[in-house]
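One letter stands for each residue in the lines below.
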Amino acid sequence: QVQLVESGGGVVQVGDSLRLTCAASGGTFSNYIGAWFRQAPGKEREFVATISRSLTDYKESVKGRFTISRDYAKNAVLLEMNSLEPEDTAAYYCAATDQLGDYRSVQAYSAWGRGTQVTVST
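Numbering of residues begins from 1 in every chain and follows the order in which that chain's sequence is written. It should be noted that, the model being predicted, local features are given only for residues of pLDDT at least 70 and side-chain atom pairs only at 80 or more, the latter also being counted only at that level, while totals for whole chains, interfaces and linings use all residues. With hydrogens and water set aside, each side-chain value is computed from the structure's full complement of heavy atoms.

Trainee: How would you summarise the nonpolar core if you had to cite specific residues and measurements?
Mentor: Ranked by size, the top nonpolar core spans 28 residues in total, and within it Leu 4, Phe 29, Trp 36, Leu 79, Met 81 and Tyr 92 carry the most contacts. Note on conventions: DSSP H or I runs of at least 4 residues are helices, E runs of at least 2 residues are strands, and numbering of each starts at the N terminus. Those elements that place two or more of their residues in this core are β3 (18-25), β5 (46-51), β7 (66-71), β8 (76-81), β9 (90-97) and β11 (116-121). When checking whether two residues touch, look at their non-hydrogen atoms; a contact exists if any pair is within 4.5 Å. If we skip the residues at most four places from it in the chain, Phe 29 touches Leu 4, Cys 22, Ala 24, Gly 34, Arg 70, Asn 75, Ala 76, Val 77, Cys 94, Ala 95 and Ala 96. Core analysis: the second largest hydrophobic core is formed by seven residues, Ala 35, Phe 37, Ala 95 and Tyr 109 among them. To qualify as a nonpolar core, a set must consist of buried Ala, Val, Leu, Ile, Met, Phe, Trp, Tyr and Cys residues joined through side-chain atoms within 4.5 Å. Exposure is judged per residue with a 1.4 Å probe applied to protein chains only, and the accessible area is read against the type maximum: over 50% gives exposed, under 20% gives buried, and values in between give partly exposed.

Trainee: Can you tell me about unusual backbone geometry, naming the residues and giving the values?
Mentor: Even without being glycine, Asn 75 reaches a positive phi, approximately 55 degrees. The residue Asn 75 is located in the loop between β7 and β8 in this model. A positive phi angle, close to 50 degrees, is found at Ser 83, a residue other than glycine. Looking at the secondary structure, you find Ser 83 in the loop between β8 and β9.

Trainee: Can you break down the packing of aromatic side chains residue by residue, with the values?
Mentor: The way to describe two aromatic rings as a pair is by their centre distance and the angle between their planes. Stacked, edge-to-face and tilted are the three classes for Phe, Tyr and Trp ring pairs, Trp counted by its six-membered ring, which pair at centre distances within 6.5 Å; planes under 30 degrees apart are stacked, over 60 edge-to-face, the rest tilted. This structure, assessed with the given rule, holds four aromatic pairs. Seen in terms of ring centroids, Tyr 109 and Trp 112 are 6.2 Å apart; in terms of plane orientation they differ by 70 degrees. Their pairing is edge-to-face. With a relative accessible area of 6%, Tyr 109 lands in the buried category. Trp 112 sits in the partly exposed class, given a relative accessible area of 26%. Ring-over charges, as used throughout, are those where CZ of Arg or NZ of Lys falls within 6 Å of the ring centre and within 35 degrees of the ring normal. Over the face of the ring belonging to Tyr 93 we find Arg 45, whose NZ or CZ atom lies 3.6 Å from the ring centre. One Lys or Arg, Arg 45, reaches over the ring of Trp 112 and ends 5.0 Å from the middle of that ring.

Trainee: Quick one: what's the story with the pattern of salt bridges, residue by residue and with numbers?
Mentor: A carboxyl oxygen of Asp or Glu within 4 Å of a side-chain nitrogen of Lys or Arg is what we treat as a salt bridge. Tallying each qualifying case throughout the model produces eight salt bridges. Here Glu 80 and Arg 19 are joined by a salt bridge, their closest N and O atoms 2.7 Å apart. Of the two residues, Glu 80 is situated in strand β8 and Arg 19 in strand β3; the sequence distance between them amounts to 61 residues. Taking relative accessible area as the criterion, Glu 80 reaches 25% and is therefore assigned partly exposed. Where Lys 59 meets Glu 46, a salt bridge forms, and the shortest distance between an N and an O atom there is 3.3 Å. Of this pair, Lys 59 sits in the loop between β6 (56-58) and β7 while Glu 46 sits in strand β5, and the two are 13 residues apart along the sequence. Classification of Lys 59 as partly exposed rests on a relative accessible area of 22%.

As structure tokens, then:
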């Protein structure tokens, strides 16, 4: 089972950018579907973005602002976040799966990181 570790979170101002990194060990990340989810206090964990071998998909509210990509040299999946808004404040979690499923669903993923906090202040 691949192990995932997120990094890159922090406290930023509205309109700023952040890059999150999800580094994998115990397996080659490019052999897995990778995804980012987020969870705000008191809310359920929600889908943000996913990447397969050739396709990406995004939550509607982050389209045009967030970009998910792979860093093959680092065996990682990245999430570039631009034009951050207060509504983007949450703990961000990386996930991976090698199985077919609904890639927007938490249940589709078998491997999870511990999360990294993103706080967007006004």
